[in-house]
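Here is what each chain is made of, one letter per residue.
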Amino acid sequence: MVVFLLLVACLWGIGALTGAPSRARWAMIGVLYVAVLLAVMISPENNPFGGTVGEWALLGGGAALVVAYRFGLSRLRARVEKYAPETPETGPFREAELERYMRHIILRDIGGVGQRKLKEAKVLVVGAGGLGSPVLQYLAASGVGTIGVMDDDVVEASNLQRQVIHTDERLGMPKVFSAEMAMTAQNPFVEVRPYNKRLDESCRELIAEYDLVLDGTDNFATRYLVNRLCVENQTPLIAAAITQWEGQISTYNSDATAPCFQCIFPQQPPADMVLSCSEAGVAAPLPGVLGTMMAMEAIKHITGAGQGLSGRLVIHDALYAETRTISVKKRADCPICGG
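Residues numbered from 1 in each chain as written. Predicted model: local features only at pLDDT ≥ 70, side-chain atom pairs only at ≥ 80, totals over all residues. Heavy atoms only, no water.

J.: Give a detailed account of the side chain of lysine 300, specifying residues and quantitative values.
T.: Looking at the element boundaries, lysine 300 is found in helix α13 (residues 286–303). A polar atom in the side chain of lysine 300 sits 2.7 Å from the backbone oxygen of glutamine 307. (Helix = DSSP H or I, 4+ residues; strand = E, 2+ residues; numbered from the N terminus. Polar contact = N/O pair within 3.5 Å; in protein donor to acceptor, adjacent residues only side chain to side chain.)

This is the structure:
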């Protein structure tokens with residue numbers, strides 16, 4: 001096969017010197033390959049190129065796969081340009097962004113219009129721990145234009161078992177800055193706004209700046225507070241919670257028909273009845289499952305794709321691989337959104 005490769009190099013070099021287009025050069029190489037294959041088939045033992053018919057057929061098949069892949073990739077890029085809302089020069093996306101979000105743009109339920117909605121969206125994520133890690137990673141990867149992340153904790157070694165956005169090199173760093181580093185490394189086209197603080201009453205005006213809030217915190221006091229602030233600002237809330245092997249998630253729109261978080265969970269349970277992850281433990285992939293579901297619901301909410309979880313509560317049992325959905329209703333006597 002050495003002789004064949006030398007001939008290929010010569011043909012390619014001659015084509016380059018004469019200014020022949022690459023397609024013409026590949027065509028010449030293809031003709032040479034067919035000629036060599038015929039020579040091997042006619043005289044398998046006395047051909048100057050070596051190799052068996054099977055080996056030459058395998059070489060040709062591999063080359064055909066490469067050509068087919070390149071052709072398919074070019075067709076995919078052509079479809080992206082077709083479905084993009086505007087051209088890269090005058091539209092909202094740079095050429096690098098079009099290639100990055102290609103799979104979203106060709107997805108019927110998102111398309112160029114939906115991807116533009118993602119770029120223009122502002123999402124606040126409360127909590128940069130187990131649930132917040134996959135949420136932040138996938139929101140950034142999906143191209144959500146502005147992502148706020150709020151947490152007052154620092155990265156500890158015990159976090160790394162499940163909080164996959166953080167690394168060993170960032171131990172002791174505030175989680176919001178660690179998350180910011182990972183997100184901007186993943187996608188430099190998004191804006192990350194870190195808030196190194198705990199959610200409190202002063203965050204009412206901050207929440208009003210965002211289109212959507214995702215709550216991945218691990219304590220009931222913050223969950224009730226973020227729900228109340230979202231209701232006051234009429235900001236949709238996607239909230240999830242996990243413990244040991246189980247988790248639950250829902251979307252709380254708090255409109256005329258949909259319930260808020262406190263409609264479903266009227267009272268905070270006693271502290272000794274609900275153990276935290278540090279007390280009860282948690283399976284490492286569980287927050288990844290629920291956090292990814294949160295990110296998926298956020299993408300659907302922003303783009304208008306599919307059916308969201310407003311009025312429905314999804315409960316996932318990872319230990320027995322069971323997921324069930326129950327209907328939830330607004331309470332007229334809810335102190336937050338009732339009346």
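Next comes the rest of the write-up.
J.: Any chance you could break down the state of the cysteines for me, citing the residues and the numbers?
T.: Evaluated as defined, the whole model comprises zero disulfides. No disulfide involves cysteine 334; its sulfur sits 3.6 Å from the nearest other cysteine sulfur, which is in cysteine 260. In this structure cysteine 337 is not part of a disulfide, and its nearest cysteine sulfur, from cysteine 263, lies 3.3 Å away. Residue cysteine 337 is classed as buried on the basis of its relative accessible area of 13%. (Disulfide = S-S within 2.5 Å. Buried < 20%, exposed > 50% of the residue type's maximum accessible area, 1.4 Å probe, protein only.)

J.: Outline the pairing of strand β6 (residues 246–252), supporting the account with residue identities and numerical values.
T.: Burial analysis of β6 places six of its seven residues in the buried class, which makes it a mostly covered element. In terms of strand pairing, strand β5 (residues 237–243) meets β6 through seven bridges, oriented antiparallel. Its bridge partner lying in β6, alanine 239 is registered against serine 250. Between β5 and the antiparallel strand that follows it, β6, lie two residues; glutamine 244 among them carries a positive phi value of about 55°. (Pairing = 2+ DSSP bridges.)

J.: Outline helix α7 (residues 132–142), listing residues and values.
T.: One turn of the α-helix equals 3.6 residues, which is why residues spaced by three or four share an orientation. The element α7 is extensively covered by neighbouring structure, given that eight of its eleven residues are classed as buried. All of the buried residues in α7 are Gly132, Ser133, Pro134, Val135, Leu136, Leu139, Ala140 and Ser142. One or two residues past the end of α7 sits glycine 143, with phi positive at roughly 95°.

J.: Lay out the pairing of strand β1 (residues 122–126) in plain terms, naming residues and giving numbers.
T.: Counting buried residues along β1, four of its five residues qualify, which places the element largely inside the surrounding structure. Regarding topology, α7 serves as the crossover connection from β1 to the parallel strand β2 (residues 146–150), and that connection is right-handed. Where β1 lies against strand β4 (residues 212–215), four bridges are found, and the strand directions are parallel. Residue pairing across strands places valine 123 opposite leucine 212, the latter belonging to β4. (Right-handed = clockwise from strand over helix to strand, strands pointing away.)

This is a description of form; function is not addressed.
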